[in-house]
Amino acid sequence: MDFALRTDDFALLNDYPHRRYNPLTDSWVLVSPHRAKRPWQGQVEKLAPDTRPAHDPDCYLCAGNVRANGEQNPPYEDVYVFDNDFASLLEDTPSAELQTGDLFLARLERGVGRVICFSPRHDLTIPDMEVGAIRKVVDAWVTEYEVLGAKSFVNYVQIFENKGAVMGCSNPHPHGQIWAQESIPDEPLKKQHAQLKYWDLHSKTLLSDYLDAELNGAPGVTARERVLFENEQFVALVPFWAVWPFEAMIVPKRPMARISEMTHAERDGLADAYKQLTVRYDALFQTSFPYSAGIHQAPTDGIDHPEWHFHMVFYPPLLRSATVKKFMVGYEMLANPQRDITPEKAAELLRG
Ligand code: H2U
């Protein structure tokens, strides 16, 4: 394409519709900053505070209770991980590829699904938990990544948390999931291709150079404009290419391909950053902030993957209040993701 102007004057992005490039996934997002200035007549409601008991006798994830398949949870005292009773992937799946010509292709997919209860407390979400208790969640992630990843047929382990009914979470007891499978799914695969290309060119991870620019500035890039906070080991920021209004990333300062490379201090640092970010989220609209979050990291395919720089992503759906959410419909479904509020403005609001 021919451009009338090539510039690193990023101030233009405050006033004009533009597309931003996501170098991690090789994709674009349309940003319409001028629309954020329009008058808003939508309702802004506050939700009644969530009052849940510390233990709910009817919850299938609470300690000592019976799950939907009749199994009883032990009287667990911190993190509890079990095989998903209704897993989407099954270990006992044969290997087969089915193909007719170039148009019909399918493969049987072998895998494992696990559920991770963050604590026995039915009422405490991550922002309510002590950092020491969140550290146990981090430790469980590392163990699951290592144990599941060591299975010969597992090439990728996806750790995630779906929080809030608006995200389709079926149970308010704070929990996450882990899916381990033969193939590398599309999102991490896109990130792998991009990071490998970057590594081959620069002998550095894409995210270490990105963090450096966000923290210290670069031509046209104002230092810390999108940074939310940092601790000794991690930085939390709204990425330049964020799609969801308050999307954020937690990135380790030291390039590590996988969470199992973290030192004890780094595990504490991740637990601290997870808490700090979710506390900010809850404060934004004074609600228990829903999101899908998860870790993207190196596949467990027996290859070294120096190109990978693991990170945690947060995709929250809320836009203006506890009840007004961003819809990914219409243009987003048919063309490209789009946002109004700029990532810089979102970062400013989240910093408080
Ligand atoms: P979500 O709320 O994010 O859907 O996660 C809950 C998971 O817990 C879901 O995958 C599993 C569901 O299959 N589950 C069990 O394994 N046992 C149960 O008794 C109920 C729910």
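Note that the coordinates shown come from a computational prediction; the quantities given were computed from them, not determined experimentally. Residue numbers restart at each chain and count upward from 1, following the sequence in its written direction. Whole-chain, interface and lining totals are the exception, using all residues; otherwise, since this is a predicted model, local features are given only for residues with pLDDT of at least 70 and side-chain atom pairs are given and counted only at 80 or more.

Caption draft 1: Broad picture of helix H3 (residues 206–216). Every buried residue belonging to H3 is among Leu206, Leu207, Tyr210, Leu211 and Glu214, and all of these are buried. When H3 is viewed along its axis, its buried side chains cluster within an angular range of 120° and face the same direction. Note on contacts: each residue gets a C-beta atom placed from the backbone, and two residues are in contact if those atoms are within 7 Å. By the criteria applied, helices consist of DSSP H or I runs no shorter than four residues and strands consist of E runs no shorter than two, each listed in order from the N terminus. At its buried positions, H3 is contacted by helix H2 (186–202), strand E9 (227–230), strand E10 (234–237), strand E11 (248–252) and strand E13 (311–315). Following H3 by one or two positions, Gly217 adopts a phi angle in the positive range, close to 85°. Our exposure labels follow a C-beta count within 10 Å of each residue's own C-beta, placed from the backbone: buried means 20 or more other C-beta atoms, exposed means 12 or fewer, and partly exposed covers the counts in between. When we speak of the arc, we mean the arc of directions from the helix axis to the C-beta atoms.

Caption draft 2: Representation of the sheet that holds E11 in the model. Pairing between strands is defined by DSSP: at least two bridges between them are needed. Taken in spatial order, the nine strands make up an open sheet running E3-E6-E8-E7-E12-E13-E11-E10-E9, and their pairing is antiparallel. The strands lining the two open edges of the sheet, one partner per strand, are strand E3 (80–83) and E9. With strand direction ignored, the average angle separating the axes of adjacent strands in the sheet is 20°. In this analysis, axes come from line fits to C-alpha atoms, helices being fitted only over the stretch in contact, and the angle between any two N-to-C directions falls in the range 0 to 180 degrees. Sheet strands in contact with helix H4 (residues 264–284) are E9, E10, E11, strand E12 (291–296) and E13, and its direction is about 20° off that of E10.

Caption draft 3: Examining the nonpolar core more closely. Only buried residues count toward a nonpolar core: Ala, Val, Leu, Ile, Met, Phe, Trp, Tyr and Cys, linked into one set through C-beta atoms within 7 Å. Counting 72 residues, the largest nonpolar core has Ala236, Ala248, Ile250 and Leu277 as its most contacted members. The element contributing the most residues to this core is helix H1 (residues 131–149), with seven residues. Here the bounds of each domain stem from an automatic or database domain assignment. When residues of this core are sorted by domain, at least three fall in each of domain 1 (80–181) and domain 2 (186–351). Those residues in contact with Ile250 that sit more than four places away from it in its chain are Phe234, Ala236, Ala273, Tyr274, Leu277, His311 and Met312.

Caption draft 4: Main features of the sheet that holds strand E1 (residues 18–22). Within the open sheet, the three strands sit side by side as E1-E2-E14. Their pairing is mixed. Since the sheet does not close on itself, it has two edges, and those belong to E1 and strand E14 (338–339), each with one partner.

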